[in-house]
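# Summary of the model geometry
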Amino acid sequence: MARSALLNVMVQAAMKAGRSLSRDFGEVQNLQVSLKGPGDYVSQADRKAEDIIFAELSKARPGYGFLMEERGAVEGEDSQHRWIVDPLDGTTNFLHGIPLFAVSIALERQGQIVAGVIYNPAMDELYTTERGGGAFMNDRRLRVAGRIKLVDTVIGCGMPHLGRGHHGNFLVELRNVMAEVSGVRRLGSAALDLAYVAAGRMDGFWETGLSAWDIAAGMLLIREAGGFVSDMDGGQDMLDNGSVVAGNEVIQRALLKTVKKPLASR
Ligand code: 2AM
Ligand code: CA
Ligand code: CA
Ligand code: CA
């Protein structure tokens, strides 16, 4: 399958950053680590990967803007295009030697996500998507899982982070979901959670309190794999409010309803 020039640029940046992450993953005990907030770690590996992606994408598409986790927003001359980048999604896993982490790169054009790449270098799994062009893992076409009864499903989630509040809400959501599904998983990388839904490995996923760089590539991947994504209010403001609920058409709707069931109605 021939990849577009745009996806080639994104894949090259993601894989180069991924090789840097793999080298650092091999000697994680030597990395400098600092704290951005309670429980919120960043390492030299995150910054090196981000520098590589910034350099590669700036060279290939001069003038495009950026939104990156560690650098923040970088204005470009081209106001139509913006890269949304998480150089290392799953830093906590990475620092603990757990191979569930990924590079996530999305391209936004005139406010719409048009392409996405997620790469887990530890498992050499490369997810690619372009609007209207389908979703792929290592060049094999992806399709969301077909299960339509919640009781048959495995659902992924994320938990609220230290110092970010809303733990009470999450426990209610979790209790609601646990009562209706076959299994719940928590991988620790929102980008991979979304990629796994696109690949049909998990039937659905929900999380709140995320940032645009965690979800921009993954939500396009799911849509292009035939799935559905909304925010926790059932709207499409995921990038702004950082909440996502995903699955196939039936499971996405059922999961949203289950997650939001008020405590009193149980
Ligand atoms: P990160 O590893 O890039 O920071 C796990 O549920 C998801 O939440 C990951 O995508 C992770 O991204 C993000 N995350 C981890 N710690 C966080 C924190 N303290 N605040 C906000 N997001 C966090
Ligand atoms: Ca982080
Ligand atoms: Ca992240
Ligand atoms: Ca990150």
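Residues numbered from 1 in each chain as written. Chains lettered and ligands numbered in written order. Predicted model: local features only at pLDDT ≥ 70, side-chain atom pairs only at ≥ 80, totals over all residues. Heavy atoms only, no water.

An unreviewed UniProt entry lists the protein under the name Inositol-1-monophosphatase, with Mesorhizobium jarvisii as the source organism. Its UniProt record gives the protein a comment under Cofactor (unreviewed entry), which states: "Mg(2+)". The record in UniProt for the protein states the following under Sequence similarities (unreviewed entry): "Belongs to the inositol monophosphatase superfamily." (UniProt positions renumbered as here; feature names shortened; annotations may be inferred.)

Another point: the packing of aromatic side chains. Overall, the coordinates contain six aromatic pairs when judged by the stated rule. Relative to W83, the ring of Y64 has its centre 5.5 Å away and its plane inclined at 35°; by these criteria the two rings are tilted. Of this pair, Y64 sits in strand β3 (residues 64-68) while W83 sits in strand β5 (residues 78-89), and the two are 19 residues apart along the sequence. A relative accessible area of 0% means that W83 is categorised as buried. Relative to W206, the ring of F170 has its centre 6.1 Å away and its plane inclined at 25°; by these criteria the two rings are stacked. (Phe/Tyr/Trp six-rings, centres within 6.5 Å; stacked < 30°, edge-to-face > 60°. Helix = DSSP H or I, 4+ residues; strand = E, 2+ residues; numbered from the N terminus. Buried < 20%, exposed > 50% of the residue type's maximum accessible area, 1.4 Å probe, protein only.)

On the surface, V33, L35 and Y41 cluster together into a nonpolar patch covering about 280 Å² of accessible area. Looking at L35, the relative accessible area reads 51%, which means it is exposed. (Patch = residues over 30% accessible without salt bridge, like charges linked within 9 Å, V, L, I, M, F, W, Y side chains within 5 Å. Areas by Shrake-Rupley, 256 points an atom, 1.4 Å probe, with all protein chains shown as cover. Salt bridge = Lys/Arg side-chain N within 4 Å of Asp/Glu carboxyl O.)

When you tally the buried positions in β3, you get five out of five residues, the bulk of the element. Of the two faces of β3, the one lined by Y64, F66 and M68 and the one lined by G65 and L67 are each fully buried. The sheet contact formed by β3 and β5 spans five bridges and is parallel. Note that in β5 the partner of L67 across the bridge is I84. Sheet topology note: the β3/strand β4 (residues 72-74) ladder contains three bridges and is antiparallel. For F66, the partnering residue across the bridge sits in β4 and is V74. (Pairing = 2+ DSSP bridges.)

Looking now at the packing of helix α4 (residues 167-178) against helix α8 (residues 249-259). Packing of α4 against α8 leaves a shortest axis separation of 8 Å and a crossing angle of 130°. The orientation of α4 with respect to α8, classified from their angle, is oblique. For the pair α4 and α8, the contacting residues are E173, N176 and V177 in the first and L255, T258 and V259 in the second. Split by residue class, the contact of α4 with α8 holds three nonpolar, two polar and one charged. (Axes fitted to C-alpha atoms, helices over the stretch in contact; angles between N-to-C directions. Parallel < 35°, antiparallel > 145°, perpendicular 65-115°, else oblique. Contact = heavy atoms within 4.5 Å. Nonpolar A, V, L, I, M, F, W, Y, C, P; charged D, E, K, R; others polar.)

Time to look at the sheet that holds strand β11 (residues 154-157). Pairing is mixed across the open sheet formed by five strands, whose spatial order is β12-β11-β13-β15-β14. Looking along the sheet, the strands with just one partner apiece sit at the ends: β12 (183-185) and β14 (228-230). Across the sheet, the mean angle separating the axes of adjacent strands is 15° when strand polarity is ignored. Judged from the three bridges that link them, β14 and strand β15 (residues 244-247) form a sheet pairing that is antiparallel. Directly across from V229, in β15, lies its bridge partner A246.

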